[in-house]
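Observations on the three-dimensional arrangement
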Amino acid sequence: MDVKSKKDLAVDFINAIRTMDPAALNALIVKEAGEDLAQFFLNYSANLISKDPSRVLENTSSLMLMGYLIRTYEEKNTQNQKGLFQSYAYA
């Protein structure tokens, strides 16, 4: 079995959304993140970039990494909550 690296998975994902129909991409964002989180990131990005427009590349990279870190944080919290519920089932 060929296990892909995190970078390979990221490249696959970016390539998939790059070619995605804009309506489908918007539907995916709404489904996975919701309007509130999408608006939060839009506002955060605008604020960050407006502070120093000359650092757009660095800020974009930081925002992408932040999104990745938030996702890993969500996954860890979800796993921890599942573990708590499972322990109650065995009690």
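Everything below is about the structure printed above this text.
What you see is a predicted model; the values in this text were computed from it and never measured. (Residues numbered from 1 in each chain as written. Predicted model: local features only at pLDDT ≥ 70, side-chain atom pairs only at ≥ 80, totals over all residues. Heavy atoms only, no water.)

**Concerning a nonpolar patch on the surface**
Where nonpolar side chains cluster on the molecular surface, the patch consists of Phe13, Ile14 and Met64 and spans about 290 Å² of accessible area. Along the chain, the position of Met64 falls in helix H4 (residues 56–90). Judged by its relative accessible area of 51%, Met64 falls in the exposed class. (Patch = residues over 30% accessible without salt bridge, like charges linked within 9 Å, V, L, I, M, F, W, Y side chains within 5 Å. Areas by Shrake-Rupley, 256 points an atom, 1.4 Å probe, with all protein chains shown as cover. Salt bridge = Lys/Arg side-chain N within 4 Å of Asp/Glu carboxyl O. Helix = DSSP H or I, 4+ residues; strand = E, 2+ residues; numbered from the N terminus. Buried < 20%, exposed > 50% of the residue type's maximum accessible area, 1.4 Å probe, protein only.)

**Focus on the packing of helix H2 (residues 22–32) against helix H3 (residues 34–51)**
In helix packing, the relevant descriptors are the interaxial angle and the interaxial distance, both defined with respect to the helix axes. One way to put it is that H2 packs onto H3 with a least axis distance of 6 Å and a crossing angle of 105°. Judged by the angle between their axes, H2 and H3 are roughly perpendicular. Two secondary-structure elements touch here, H2 through Ile29, Val30 and Glu32 and H3 through Gly34, Glu35 and Ala38. In terms of residue class, the contact of H2 with H3 is made up of three nonpolar, one polar and two charged. (Axes fitted to C-alpha atoms, helices over the stretch in contact; angles between N-to-C directions. Parallel < 35°, antiparallel > 145°, perpendicular 65-115°, else oblique. Contact = heavy atoms within 4.5 Å. Nonpolar A, V, L, I, M, F, W, Y, C, P; charged D, E, K, R; others polar.)

**Quick notes on the pattern of salt bridges**
On inspection of all chains with the given rule, the structure shows four salt bridges. As a salt-bridge pair, Arg71 and Glu75 come within 3.5 Å of each other at their nearest N and O atoms. On the criterion of helical spacing, the pair formed by Arg71 and Glu75 is a turn pair, its members being four residues apart in helix H4. One continuous salt-bridge network, built from bridges that share partners, spans Arg71, Glu74 and Glu75.

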